[in-house]
Amino acid sequence: MFSTVALVASCAGFALIGALQSFYGPAIPALRTSFGLTPAAAGLGLSAHFIGGVCGVLAFNRVHGRVGNRALLGASYLLMAVGTAGFALAPSWPVALAAALGAGLGFGGIDYGLNQLFAVGFGRRSTAMLNVLNAFFGIGAVGGPIVIGAVGPDRYPFVFGAFGVLSALLLLFLKGVSNTDPPRPAVSAGDGGAVSAPLGRSLAWLMAAFVTLYVLHVGVEAGVGGWEPTHLETVGFGAGFAASATSVYWLMMTVGRFLVVPLTLRYSEAAIIMASCAGMAVCLAAAALPALAPYMYAGVGLFIAPIFPTGLPWLTRTVPTARRAGAYVIAASMVGGVAAGPALGGVIQVAGVRAVPLVLCAIAVLCLAAAVGIHRRTRRPAEPRAAG
């Protein structure tokens, strides 16, 4: 599916989309000054980006079979380049929002396209390669705020403009990407115990379970990232320490995806995801103890890291009749990230900030239940013993 150069360029592309997602927050003070915005209005930039991302995933899924891999990725890189350049040069806030929406469309196409290609393009190594790919997303997400901080938030147009140039340069490496997907391998007992393709109600149940798993685990991911600083300050830690601990959480997500790579060659996707959900729940329960909270949040980052990339090849093998089902779970993950803020905010307003880890623990337990349900529904039944 990829030449060596195209493989490296694809990982660079994922680092870029991770950085793009992380640019908007640190740029908010400068956006408010430049356009005279309220905090809520300034936050619409990231909302426009995510709306574009969901639309991009679904739109490119519809046309993928007709346009081929290179055209899909090429259009996505071009949209992201034009959108970010437009955001940098926007003369007014409505124009900036339209540009963020366009950049989000490209973001969604890249997120969908590369995840889909990596899920089917490396055979039994696909799970390992997906974790590597998504680790580069984490590298970009960690590095983006550092870049904005280094050049200064007031120079955000320069950062977004340079980002657009880098996105356009990736168009030069698309010749190394195969234009068609390989045939799907036959499902066998060696593929993590998956059974033959499910039909009818079973297929609908499995798709709903995978969507639930993705929505909820991204809700936990966004919930920890958004509420960890507030929770740590509430239980007695300083603001600087709380911010640093949250950075460590995001860093651990990146480290976790690299660490799980050798495990994917020995254990099934189901085993890795169920263990990850269980570990995530245990760490969140322990985070209710103030003295342990910063370290347990870092543990959540390690455990949650493999779920997104490892779930895609599991879905591909478990539901081979659902054409490009990955698009729906990727879109669901974005919706989960957008919905997590207001939904968790409402619950925590009632339960109190000290209940943050326990609320998130309950969601993690639901993730584990979804993963266990998928595994039980798809594992191959034991062979009956011969009579006598």
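About the thresholds
- Residues numbered from 1 in each chain as written.
- Predicted model: local features only at pLDDT ≥ 70, side-chain atom pairs only at ≥ 80, totals over all residues.
- Heavy atoms only, no water.
- UniProt positions renumbered as here; feature names shortened; annotations may be inferred.
- Helix = DSSP H or I, 4+ residues; strand = E, 2+ residues; numbered from the N terminus.
- Rg over C-alpha atoms; globule rule 2.2 N^0.38 Å.
- Buried < 20%, exposed > 50% of the residue type's maximum accessible area, 1.4 Å probe, protein only.
- Contact = heavy atoms within 4.5 Å.
- Areas by Shrake-Rupley, 256 points an atom, 1.4 Å probe, with all protein chains shown as cover.
- Lys, Arg positive; Asp, Glu negative; His and termini not counted.
- Charge placed at Lys NZ, Arg CZ, Asp CG, Glu CD.
- 1 Å grid on protein atoms, 1.4 Å probe; cavity = no way out; pocket = protein on both sides within 12 Å on 5 of 7 lines; lining within 4 Å.
- Points joined across faces, edges and corners; volume = space filled by probe spheres on them.
- Nonpolar A, V, L, I, M, F, W, Y, C, P; charged D, E, K, R; others polar.
- Salt bridge = Lys/Arg side-chain N within 4 Å of Asp/Glu carboxyl O.
- Patch = residues over 30% accessible without salt bridge, like charges linked within 9 Å, V, L, I, M, F, W, Y side chains within 5 Å.
- Expected span 1.5 Å × (residues − 1).
- Axes fitted to C-alpha atoms, helices over the stretch in contact; angles between N-to-C directions.
- Parallel < 35°, antiparallel > 145°, perpendicular 65-115°, else oblique.
- Left-handed = near helix turned anticlockwise from the far one by under 90°.

In the nomenclature of an unreviewed UniProt entry, the protein corresponds to MFS transporter from the organism Streptomyces yunnanensis. What the UniProt record of the protein gives under Subcellular location (unreviewed entry) is the line "Cell membrane". In its Sequence similarities (unreviewed entry) section, the UniProt record describing the protein reads: "Belongs to the major facilitator superfamily."

(A) Quick look at the overall build of the protein. Looking only at helices and strands, the protein has 15 helices and zero strands in total. Computed over C-alpha atoms, the radius of gyration of the protein comes to 21 Å, within 12% of the 21 Å expected from 2.2 N^0.38 for 388 residues, which places it in the range of a compact globule. Overall size of the protein, expressed as C-alpha extent along the three principal axes, is 80 × 55 × 35 Å. Across the 388 residues in the protein, those meeting the buried criterion constitute 51%. Sequence separation of at least 24 residues holds for 85% of the intrachain contacts in the protein that already meet a minimum separation of 6. Carbon together with sulfur atoms contributes 69% to the accessible area of the protein, which is approximately 16300 Å² in total. With 21 positive and 9 negative side-chain charges, the protein shows a spacing of 9 Å between the two charge centroids.

(B) Expanded view of empty space enclosed by the protein. Throughout the structure, instances matching the rule amount to two cavities of 30 Å³ or more. What lines the second largest cavity is simply A6, A9, S10, L73, Y77, L170, F173, L174 and V177. For the lining of the second largest cavity, the secondary-structure elements that each account for two or more residues are α1 (4-35) and α4 (69-89). Considered class by class, the residues forming the lining of the second largest cavity number eight nonpolar, one polar and no charged.

(C) Region of the structure containing the pattern of salt bridges. One pass over the full model with this rule turns up one salt bridge. Where E269 meets R317, a salt bridge forms, and the shortest distance between an N and an O atom there is 2.1 Å. Taken as a pair, E269 in helix α11 (residues 269-286) and R317 in helix α13 (residues 307-318) lie far apart in primary sequence, 48 residues in all. Each member of the pair, E269 as well as R317, carries the same accessibility label: buried.

(D) Fine view of a nonpolar patch on the surface. On the surface, a cluster of nonpolar side chains totalling about 560 Å² of accessible area is made up of V5, V165, L166, L169, L172 and F173. Topologically, V5 is positioned in helix α1.

(E) Structural detail: α11. Counted at 1.5 Å a residue, the expected span for α11 with its 18 residues is 26 Å, and the 26 Å between its end C-alpha atoms agrees. The buried count for α11 comes to 13 of 18 residues, which makes it a mostly enclosed element.

(F) Examining the packing of helix α3 (residues 44-67) against α4 more closely. Interaxial distance between α3 and α4 falls to 7 Å at its minimum, and their mutual angle equals 135°. Classed by the angle they form, the pair α3 and α4 counts as oblique. Judged by residue contacts, F60, H64 and V67 of α3 engage N69, A71, L72, A75, S76 and L79 from α4.

(G) Inspection of the packing of α11 against α13 at higher detail. As a packed pair, α11 and α13 sit with axes 9 Å apart at the nearest point and diverge in direction by 145°. When you trace α11 past α13, the crossing you get is left-handed. Across the interface between the two elements, E269, A270, I272, I273, S276, C277 and M280 from α11 touch I307, T310, G311, P313, W314 and R317 from α13.

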